[in-house]
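Coordinate analysis (summary)
In case you want the letters, here they are:
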Amino acid sequence: MGSHEQDGGQVTEDGGTNVSNGAADLVRARNQLLEGGLPRNPRLDAESLRSALVDLFELWLTTKGTELGITRDSGLAVVAVGGLGRKEMLPYSDLDLVLLHDDVDPARVAEVADQLWYPLWDAHIKLDHSVRTVPQALRVASGDLIAALGMLETRHIVGDIELSNLLIGGVRREWRTGIRSRFDELIAQAETRWQRSGAIAHRAEPDLKNGRGGLRDIQLLDALAIAQLTDAMPGLGPDVPGGGLKHAHRRLLDVRTELHRVAGRARDQLRAQDADEIGAALRIGDRFDLARTLSDSARTVSYSVDVGLRTAANALPRRGLARLRRMPVRRPLDEGVVEHAGEVVLARDARPQRDPGLILRVAAASAQTGLPMSATTLNRLSEDAPELREPWPKDALNDLLILLGAGRGAIDAVEALDRTGLWGRLLPEWGAVRDLPPRDALHTWTVDRHLMETVAYASALSTRVARPDLLMLGALLHDIGKGRAGDHSVVGAELATHIGRRLGLWPSDVQTLSAIVRHHLLLPDTATRRDLADPDTVQFVADTLGGDVQLLELLHTLAEADSLATGPGVWGDWKASLIGELVRRCRLVMAGDQLPEPEPIAPELLAKAAAGGVHVDLRSGEGKYIYTVTVIAPDTPGLLSDAAGVLALHALRVLSATVGGEGHSAINTFVVSPKFGDPPEVGLLRQELIRATAGDLDLPALLAKREREATGARPSPYAQARPRVIWSANPTGQLVLELRAEDRIGLLSRLAAAFAECGADVRWAKVVTMGSAVVDAFGLDLVEDTPERRETVEKAILAVVPRPAPKPPEGVGPPGASTGS
């Protein structure tokens, strides 16, 4: 090894350094920058500290390099990678340097390297170093992905700048040309890192560098941008919370800078005991305020990385036969919404400026299909889509319910809306709970994420209740009062009232929604803290709920979803049994459930039915995309199935229906919404109905084809919630079957056909679709009402409704599922 001289530099009053051969002066200068103890050297904020450290290390290296003869025409150059290369030098970051040489005597190179490295080692500065020619460095970058990512950050420090430029240009050129073959490895490496380090937004002690949404992900975006596959800083819309990706990047750097300063050494994991001090140093607040800031920043970075990886994957150059494939087909999903290249995008004729409900249709399509929303589409909606008027149109509320009923797909869809400022536009009250950290260890998630987790669990329980729409809205809003002064249940109930009116709910439904939020803790608190055998306990709950059995049912289901969404172990057999027993006792002292009954028929429809013939009428309903279709025809077997099938065949989604009759005529009224464009002409509907009843249309086959085209999958799509059948008898003795299930294309037609095949005569029906859920009641006449006959009917209708996907074998997940902890 070559010799080295002892240090002898002097530290100046302002914290600078007179650099000589040693590096102890460099350490002293760094320490003074950290302490800020001199009159003209006050304590620097995090960003200024990083900038000063970059200047300090560059000054030392350029001066030292000049002393050693590393000059412009020397054939030697020093380049920095890592933090110094990015100009993000943290107090105790490693110094990553490469000494480049070209046609220089090996002994001379070794001597220069020793005299450059040894002073840094002797000063206990962590050094990651190498000595290479440009071809050697390029070979390393081509064979080692981690090394390649590091060299993408290379920056010239001192010496032969042409030599440095050869390396910088060569690494970036090879990165761009070879990205197609390395892209899968790049993603796999990132996913392994995320599984190992977790998500910053939801970790009590997050890894700021390697965690999901951390600084490594910013570097990943930079690498994709260098490959010319995406922008390093994708736009997130004008209303993005937290200031966007650039601000998130700076916040993460600031916290990590202060973490180094507090710890007195290099550290990536934020410890709980340091959070208050770091929050105060950054003037953010206490540890909860710091956690909220980190959650916001990390989620913005995570969303940006998701967008970047999708954009990059679509931009990868194709080779071989892939280059000859046709352009991706644009598959319609909803009015103004299509699938293209694996993303949900706007149709070419969509007009966001004139269509305020388009945001929710895009999000609902994304949640249902599992396809991400295009960043370009979200940006366009952010810039162009107007505010929804109050109260919301019924179709907008229905799309919100479809979004919330999509299970875990709703979580990603709402996260994308929120990161681009669109969710806050739809629900301004969300700002108080966004990224709000929990105050106790039981809660795994931030409050806003907890609300969406509750929605996802509630969607799987939606068939337990007669009002799945109110269950989903209650799950979304039950903790909306947090982050404000006062009891969050009381505050939240008042907010829920305002939100319910804005959404256009009926006054009675607004009252129920407010009561759900106000009393969402009533059942678990009472069941676990009071004596259930005491009649006063049961009477207290019944009185509090005003004897409302429907509200009791909703709170019971919400209590389970809320507990499951809180964290592991919060919901178990003991808690479930206590709440179940309380609910059972409350039902005994409350009024019974209201049983379904047929709707009265308007006199003018009775008159038309008495006249006979086939009549089809179509009129505009409440809302831009809502229509009422009335079908009057001879009451023949299969008529309901044929009428509903014709509507589904013409992309008319049944939102509600009433089925009745007069004499020998059936009177069926459907409230429908076209999936795309305007409804068909009424004459066409009548002609198709006549063809269907005559047997000239194979409706089952046509509906199956329509469903395949719409879903891109086989018929009978999987559901979130298990369907439920309830048998009862109304006050007149009429046998009633109530079905609670998830919707699918042509469901009512399939159900009616199933009834007909079983010999069950549908005398009347009340069909209601709430988002993606249906609650249908049918008054039936059976040839003989026996348990065996009921079982036959039940099996027939369950065969045509969506059911949950079968669970995979132990240890096996769906394609693409993470198996990490």
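The structure under discussion appears in the preceding block.
Residues numbered from 1 in each chain as written. Predicted model: local features only at pLDDT ≥ 70, side-chain atom pairs only at ≥ 80, totals over all residues. Heavy atoms only, no water.

Some points on empty space enclosed by the protein
By the definition in use, this model includes five cavities of 30 Å³ or more. Its boundaries defined by the atoms lining it, the largest cavity holds a volume of some 180 Å³. Grouping the amino acids of the lining of the largest cavity by side-chain chemistry returns five nonpolar, two polar and seven charged. The space that makes up the second largest cavity amounts to roughly 90 Å³. (1 Å grid on protein atoms, 1.4 Å probe; cavity = no way out; pocket = protein on both sides within 12 Å on 5 of 7 lines; lining within 4 Å. Points joined across faces, edges and corners; volume = space filled by probe spheres on them. Nonpolar A, V, L, I, M, F, W, Y, C, P; charged D, E, K, R; others polar.)

Some points on the nonpolar core
Within the largest apolar cluster, 94 residues are counted, with the highest numbers of intra-cluster contacts made by Met 373, Leu 400, Leu 403, Trp 423, Trp 430, Leu 476 and Leu 477. Beyond its immediate sequence surroundings of up to four residues, Leu 476 is in contact with Leu 404, Trp 423, Leu 427, Trp 430, Leu 451, Met 452 and Val 455. Ala 633, Leu 640, Val 654 and Trp 727 belong to the second-largest nonpolar core, a separate cluster that totals 53 residues. (Core = buried A, V, L, I, M, F, W, Y, C linked by side-chain atoms within 4.5 Å. Buried < 20%, exposed > 50% of the residue type's maximum accessible area, 1.4 Å probe, protein only. Contact = heavy atoms within 4.5 Å.)

Points about the sheet that holds strand 4 (residues 95-101)
Pairing is mixed in the open sheet, where four strands are placed in the order 5-4-3-6. Edge positions in the sheet fall to strand 5 (127-132) and strand 6 (155-159), since each has one partner strand and no second. Adjacent strand axes in the sheet meet at a mean angle of 25°, parallel and antiparallel pairs treated alike. Summarising the sheet, strand 3 (residues 76-81) and strand 4 pair through six bridges and their orientation is antiparallel. Of the residues in strand 4, the one forming a bridge with Val 79 is Val 98. Against the sheet, helix 5 (residues 134-143) engages strand 4 and strand 5, with an angle of about 120° to strand 5. (Pairing = 2+ DSSP bridges. Helix = DSSP H or I, 4+ residues; strand = E, 2+ residues; numbered from the N terminus. Axes fitted to C-alpha atoms, helices over the stretch in contact; angles between N-to-C directions.)

Overview of unusual backbone geometry
Residue Glu 390 is joined to Pro 391 through a cis peptide bond whose omega torsion reads -5°. Within the element layout of this structure, Pro 391 appears in the loop between helix 13 (375-384) and helix 14 (394-404). Here His 124, not a glycine, exhibits a phi torsion of approximately 60°, which is positive. Following the sequence through the fold, His 124 ends up in the loop between helix 4 (106-122) and strand 5. For Gln 228, which is not glycine, the phi dihedral falls at a positive 60°. Note that Gln 228 resides in the loop between helix 8 (215-226) and helix 9 (244-263). Note on Gln 228: relative accessible area 63%, which makes it exposed.

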